[in-house]
Amino acid sequence: MIRPAILSVALLSASCATPHASEDLIAFEAALDGDDSATRVLERWCTLRGMADPARVRAQVLHGPVPPLDAQGRLAMGLGPHDELGYRHVRLWCGGRMLSEAHNWYVPAYLSDAMRQALDETDVPFGQVAAPLGFRRERVASLRGRGPGCPPGTVLTHQARLRLPDGRVLASLIECYDGAIMARGPAHAPARSGPPPG
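For the structure given in this document, a descriptive report is provided here.

Calculation rules
- Residues numbered from 1 in each chain as written.
- Predicted model: local features only at pLDDT ≥ 70, side-chain atom pairs only at ≥ 80, totals over all residues.
- Heavy atoms only, no water.
- Phe/Tyr/Trp six-rings, centres within 6.5 Å; stacked < 30°, edge-to-face > 60°.
- Helix = DSSP H or I, 4+ residues; strand = E, 2+ residues; numbered from the N terminus.
- Buried < 20%, exposed > 50% of the residue type's maximum accessible area, 1.4 Å probe, protein only.
- Disulfide = S-S within 2.5 Å.

On to the packing of aromatic side chains, then. Within this structure, the stated rule accounts for four aromatic pairs. Residues Phe 28 and Trp 45 carry aromatic rings whose centres are separated by 5.2 Å and whose planes lie at 70° to one another, so their mutual orientation is edge-to-face. Pair noted here: Phe 28 is in helix H2 (residues 23-33) and Trp 45 is in helix H3 (residues 38-48), with a separation of 17 residues, a long-range link. The buried category is assigned to Phe 28, whose relative accessible area is 0%. When the ring of Tyr 106 is compared with that of Phe 126, the centres are 5.3 Å apart and the planes differ by 45°; the resulting orientation is tilted. In this pair, Tyr 106 is assigned in strand E3 (residues 97-106) and Phe 126 in helix H6 (residues 126-129), connecting sequence segments 20 residues apart. For Tyr 106, a relative accessible area of 8% gives the class buried.

What follows is the structure, encoded as structure tokens:
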């Protein structure tokens, strides 16, 4: 079970053992901190590193059991025990490389019907779908390395929230950035299971 409400404690505890980061990883972290959309950062990074031209980030939706949020996690999002909560588990690909894996708990009631349909039926990342809402990204905690809920190969773990202009929390995120973000040039062979078709 993954619990974003307590993930920040786990990440802060693990940060004591954080390895020395490369200049490239430090630059990537700075790019994340300077933008409200992680998807937009990944697309710019993909272009900068020569992974794809044009660079397009696609979401491979992973289906499986939905990790529940406990009462503390719901409270952090301003939700009661019976409020509807959506969940999207994705791998984000660009240029034949899997750059990140993300767990996203979000509030469907804050999205339009068209946005909900796009999340259910397309490979468009959440940040692009919800961009018209004008959300702001807040970093809650981070770890240089593999954090709770992240797969092997993770070099950076972030917990973040997306907050609407009126202050409501739209989404709570766990983002696991793969070592592939440090690569340069196009991929010469499919990475892992390969990107989603399209």
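Now that the structure has been shown, we can carry on.
The next thing to look at is the state of the cysteines. Within the structure shown, the criterion is met by two disulfides. At a sulfur-sulfur separation of 2.1 Å, the disulfide partner of Cys 46 is Cys 94. Between Cys 46 and Cys 94, the disulfide has an S-S torsion of -95° and is therefore left-handed. Placement of Cys 46 in helix H3 and of Cys 94 in strand E2 (residues 86-94) is noted, with a sequence separation of 48 residues between them. Taken as a pair, Cys 46 and Cys 94 share a single burial class, namely buried. With its bonded cysteines labelled in order along the sequence, the chain shows the pairing 1-2, 3-4.

Read these as geometric descriptors, not functional statements.
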